[in-house]
Amino acid sequence: VLIDTIVRYFFGHSFAEAVITLLQPLFTAADGYLGISIIWGAMALFWFVGVHGPSIVEPAIVAIIYANVETNLQLVKAGHHASNVLTVGLGNFVGTMGGTGATLVVPFLFMLFAKSKQLKAVGKASFVPVCFAVNEPLLFATPIILNPYFFIPFLITPIINVCAFKFFVDVLGMNSFMYVLPWATPAPIGLILGTGAGILSIVVDSLIYLPFIKAYDDSLVEEEAKKAEVMELEETAEAEIDDQIQAVADGKHHNINFLNSNIIQP
């Protein structure tokens, strides 16, 4: 409040307006393909190494992503094309669709295509929260964090999503986001309500993630088979030891009975 009051007194407008005006060149560059790729690629990269990416990156763009939503709405009301791509909806429902890394499709791919018990269990446990953009159960239970199998899809999927969305807006004339929706709105619903767009990202994301999921799943199936074999050997060894102990016990019991039967009573 103090900073805003001082800025209003000396410059005649609010602190938020001053920040937007000062950083407008940066925001303009960020609205390009390279800018949005860096923003949502950085979010995924931070999360991959265990740091909450959106908390690091979003403060730098939060002013413009909300301002652009208002601008888009005014453009549509005036009969123009809502052309500002860098919006809060781009992050919530495209770049981080289902959570950072655009992981909305991943639990469903686990349930449909995974053969390992681990990934099937993770899919069943995480698909509901992921639908509402809470993907920490998926990130840490799979795990995706620090897992080399998922480094490439986790980084490139959000980048491809935001670039494809910009192509639809710039080239095909689709309106960008003109409303602010709760971040936990399921991504496909958010896309439809916020822009009128929908299903293509789900198909593309599935195609990106699936080969990496299959590779990781194969390694888990092999690992689970080895564990099962080791457990079977351990159970067999334990059974043999139990049999030997029982045999020794039976032998001692037989010897005691034999001695008792040969004792001469006075």
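Preceding this paragraph is the structure being described.
Now for a look at the structure at hand.

What counts and how
Every chain is numbered independently, its residues counted from 1 as its sequence is written. The model is predicted, so local features are restricted to residues of pLDDT at least 70 and side-chain atom pairs to those at 80 or more, both for listing and for counting; the totals for chains, interfaces and linings are taken over all residues. Computation of side-chain values covers all heavy atoms of the structure but excludes hydrogens and water. Every helix listed is a DSSP run of H or I at least four residues long, and every strand listed is a run of E at least two residues long, numbered separately from the N terminus. Relative accessibility under 20% of the residue-type maximum defines a buried residue, over 50% an exposed one, and the middle range a partly exposed one, all with a 1.4 Å probe and only protein chains included. To be clear on the numbers: accessible area is Shrake-Rupley with a 1.4 Å probe, and residue cover counts the displayed protein chains and nothing else. Salt bridge, as applied in this entry: a Lys or Arg side-chain nitrogen positioned within 4 Å of an Asp or Glu carboxyl oxygen. Helix axes are fitted only over the stretch in contact, all axes being lines through C-alpha atoms; the angle between N-to-C directions runs from 0 to 180 degrees. Working rule for angles: under 35 degrees goes down as roughly parallel, over 145 as roughly antiparallel, 65 to 115 as roughly perpendicular, anything else as oblique. Helix crossings are classified by the rotation of the near helix relative to the far one: an anticlockwise turn of less than a right angle makes the crossing left-handed, while a clockwise turn makes it right-handed. A contact between two residues is defined here by any heavy atoms of the two lying within 4.5 Å. Gly counts as polar in this scheme, as do all residues outside two lists: the nonpolar Ala, Val, Leu, Ile, Met, Phe, Trp, Tyr, Cys and Pro, and the charged Asp, Glu, Lys and Arg. Taken from the helix axis, the directions to the C-beta atoms give the arc we talk about. Side-chain rings of Phe, Tyr and Trp (the six-membered ring for Trp) are treated as a pair once their centres are within 6.5 Å; stacked means planes under 30 degrees apart, edge-to-face means over 60, and tilted covers the remaining angles. Residues qualify for a patch when their relative accessible area is over 30% and they have no salt bridge, like charges being joined within 9 Å and the nonpolar side chains of Val, Leu, Ile, Met, Phe, Trp and Tyr within 5 Å.

Glancing now at the overall build of the protein chain. On a plain count of helices and strands, the protein chain comes out with 13 helices and zero strands. Going from the N terminus to the C terminus, the protein chain shows its helices and strands as α-α-α-α-α-α-α-α-α-α-α-α-α. Taken across its 266 residues, the protein chain has 38% of its residues classed as buried. When the accessible surface of the protein chain is summed, it comes to about 14800 Å², and 70% of that surface belongs to carbon and sulfur atoms.

Okay, helix α1 (residues 2–11) next. Among the 10 residues in α1, one count as buried, and that is only a small part of the element. The first or second residue beyond α1 is G12, which carries a positive phi of 85 degrees.

Further remarks concern the pattern of salt bridges. Per the stated rule, a full pass over the model turns up four salt bridges. As a salt-bridge pair, E222 and K226 come within 3.6 Å of each other at their nearest N and O atoms. Here the residue E222 and the residue K226 both occupy positions in helix α13 (residues 200–261), the gap between them amounting to four residues, near one helical turn.

It is the contact of helix α4 (residues 33–48) with helix α11 (residues 151–170), at a shortest axis distance of 9 Å, that shows an interaxial angle of 155 degrees. When the axis of α4 is compared with that of α11, the two are roughly antiparallel. Crossing of α4 against α11: the hand is right-handed. The residues of α11 that touch α4, namely those facing Y33, I36, S37, W40, G41, A44, L45, W47 and F48, are F151, F154, L155, P158, I159, V162, C163, K166, F167 and D170. Across the contact of α4 with α11, the residue classes tally to 15 nonpolar, two polar and two charged.

For P158, the position within the fold is in helix α11. The exposure class assigned to P158 is buried, which follows from its relative accessible area of 1%. Measuring from C-alpha to C-alpha, the distance between P158 and T96 comes to 6.4 Å, with 62 residues separating the pair along the chain. Excluding its chain neighbours within four sequence positions, the residues that come into contact with P158 are W40, A44, G95, G101, A102 and P153.

Bringing helix α8 (residues 106–113) into the picture now. All of the buried residues in α8 are V106, P107, L109 and F110. Across the axial projection of α8, the buried residues extend over an arc of 160 degrees, all falling on one side.

This brings us to the packing of helix α7 (residues 88–95) against α11. At a minimum axis distance of 9 Å, the contact between α7 and α11 shows a crossing angle of 125 degrees. Judged by the inter-axis angle, α7 sits oblique to α11. Pair α7 / α11 crosses with right-handed handedness. Contacts between α7 and α11 involve L90, V94 and G95 from the former and P158, N161, V162 and F165 from the latter.

Each aromatic ring pair is specified by the distance between its two centres and by the angle formed by the two planes. Per the counting criterion, the structure on display carries 10 aromatic pairs. Judged by centre distance (5.8 Å) and plane angle (65 degrees), the ring pair of F108 and F127 falls under edge-to-face. You can see F108 sitting in helix α8 and its partner F127 sitting in helix α9 (residues 117–131), a full 19 residues away along the chain. Residue F108 is classed as partly exposed on the basis of its relative accessible area of 29%. The class for F127 is partly exposed, based on a relative accessible area of 29%.

Residues L45, F151, I152, I156 and I160 make up a contiguous nonpolar surface patch of roughly 380 Å² in combined accessible area. Here I152 shows up in helix α11.

Don't take any of this as a statement about function, it's just geometry.
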